[in-house]
Amino acid sequence: MGNCLKSPTSDDISLLHESQSDRASFGDGTEPDQEPPPPYQEQVAVPVYHPTPSQTRLATQLTEEEQIRIAQRIGLIQHLPKGVYDPGRDGSEKKIRECVICMMDFVYGDPIRFLPCMHIYHLDCIDDWLMRSFTCPSCMEPVDAALLSSYETN
């Protein structure tokens, strides 16, 4: 078989040797003021929050008031009931079969969260949604009002 990439030299050893320009760009010690590149450091992911539906900020950029509101919202979300998706024995049963947020079918054993309006969603999908907007994605009912009224009746 022939080599379709013809090199100008008869041997390919010349490709293994660095040229002067390559050595200068990598800093092989010829210039004393160049520092070696910093070692690889893994970046710690900073959580992103939504103080209002139209705003996105890193956790480090939130004001104290926004941090308090987000903590309260997380607390309310944690009070919503959660469960595991079980379609029932009869597959023809009229049940919700799809999470309207991610548009994926529910699978037996998926963690789900129930909203006061009785709509269900994947746990991660609805938790992320509720961090942005505290309304049901299907019926637009305010979730916090229903939660607070359930506390008053108990």
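Going along each chain's sequence as written, the residues are numbered from 1 onward. The model is predicted, so local features are restricted to residues of pLDDT at least 70 and side-chain atom pairs to those at 80 or more, both for listing and for counting; the totals for chains, interfaces and linings are taken over all residues. Here the side-chain values reflect all heavy atoms present in the structure, with hydrogen atoms and water set aside.

Visitor: Where do I start with unusual backbone geometry in this structure?
Guide: Note on backbone geometry: most residues besides glycine have negative phi, and most peptide bonds are trans. One non-glycine residue, methionine 103, lies in positive phi territory at about 65°. Per the convention used, a helix needs a DSSP run of H or I reaching at least four residues, while a strand needs a run of E reaching at least two, with both numbered from the N terminus. Mapped onto the elements of the fold, methionine 103 is located in the loop between β3 (82-84) and β4 (111-114). We call a residue buried when its accessible area falls under 20% of the maximum for its residue type, exposed when it is over 50%, and partly exposed in between, using a 1.4 Å probe and counting protein chains only. A relative accessible area of 55% places methionine 103 in the exposed class. The phi dihedral of methionine 140 falls on the positive side, at around 60°, and the residue is not glycine. Here methionine 140 shows up in the loop between α3 (123-132) and α4 (143-153).

Visitor: Please explain the layout of surface pockets as it appears in this structure.
Guide: Over the atoms a probe the size of a water molecule is rolled, and this reveals where empty space is left. Only protein atoms enter the calculation, which uses a 1 Å grid: trapped sets of points that fit a 1.4 Å probe without letting it out are cavities, open sets showing protein on both sides within 12 Å along at least five of seven lines are pockets, and any residue with an atom within 4 Å of a point is a lining residue. Grid points are joined across faces, edges and corners, and a volume is the space filled by probe spheres set on the points. One number sums up the size of the largest pocket: a volume of about 170 Å³. If you trace the largest pocket, you find it lined by His50, Pro51, Glu66, Arg69, Ile70, Gln72, Arg73, Leu76, Met131, Phe134 and Asp144. Looking at which element gives the most residues to the lining of the largest pocket, the answer is helix α2 (residues 64-79), with six residues. Residues are grouped as follows: Ala, Val, Leu, Ile, Met, Phe, Trp, Tyr, Cys and Pro are nonpolar; Asp, Glu, Lys and Arg are charged; all remaining types, including Gly, are polar. For the lining of the largest pocket, the per-class residue count stands at five nonpolar, two polar and four charged.

Visitor: Would you mind going over the pairing of β4 with me for this structure?
Guide: On a regular strand, one side chain projects to one face of the sheet and the next to the other, so that they alternate. When DSSP finds two or more bridges between two strands, those strands count as paired. Pairing analysis gives three bridges linking β3 to β4, with the strands arranged antiparallel. Looking at β4, one finds that lysine 82 is bridged to arginine 113. The pairing of β4 with strand β5 (residues 120-122) spans three bridges and is classified as antiparallel. When the sheet's bridge partners are listed, isoleucine 112 is paired in β5 with histidine 122. The antiparallel hairpin formed by β4 and β5 contains five residues in its connecting segment, where methionine 118 sits at a positive phi of about 75°.

Visitor: I'm lost on the nonpolar core in this one. Help?
Guide: Here is a general trend for soluble globular proteins: nonpolar side chains tend to be buried in one another's company. Within the largest apolar cluster, 19 residues are counted, with the highest numbers of intra-cluster contacts made by Phe106, Leu115, Tyr121, Leu130 and Val143. Of all the secondary structure elements, the ones that give two or more residues to this core are α2, β5 and α3. Of all the elements, α3 adds the most residues to this core, at four residues. The contacts of phenylalanine 106, once residues within four sequence positions are left out, are Tyr85, Ile96, Arg97, Glu98, Cys99, Ile112, Ile120, Tyr121 and His122. Here, the term nonpolar core denotes a set of buried Ala, Val, Leu, Ile, Met, Phe, Trp, Tyr and Cys residues that are joined through side-chain atoms within 4.5 Å. We call two residues contacting when some pair of their heavy atoms lies within 4.5 Å.

Visitor: Can you help me understand the environment of arginine 69 in this one?
Guide: With respect to the element layout, arginine 69 can be found in helix α2. Classification of arginine 69 by relative accessible area gives partly exposed; the value is 43%. Separated by 18 residues in the primary sequence, arginine 69 and proline 51 have C-alpha atoms spaced 7.8 Å apart.

Visitor: Would you explain the pattern of salt bridges in this entry?
Guide: Note that side chains of opposite charge can pair when their charged atoms are close. Each salt bridge in this description consists of a side-chain nitrogen of Lys or Arg and a carboxyl oxygen of Asp or Glu lying within 4 Å of one another. Per the counting criterion, the structure on display carries three salt bridges. A salt bridge links glutamate 66 to arginine 57, with the nearest nitrogen and oxygen atoms 2.4 Å apart. In this structure, aspartate 127 and arginine 113 form a salt bridge, with 2.7 Å as the shortest nitrogen-oxygen distance. Placement of the pair is aspartate 127 in helix α3 and arginine 113 in strand β4, with a sequence separation of 14 residues. Side by side, aspartate 127 and arginine 113 carry an identical accessibility label, which is buried.

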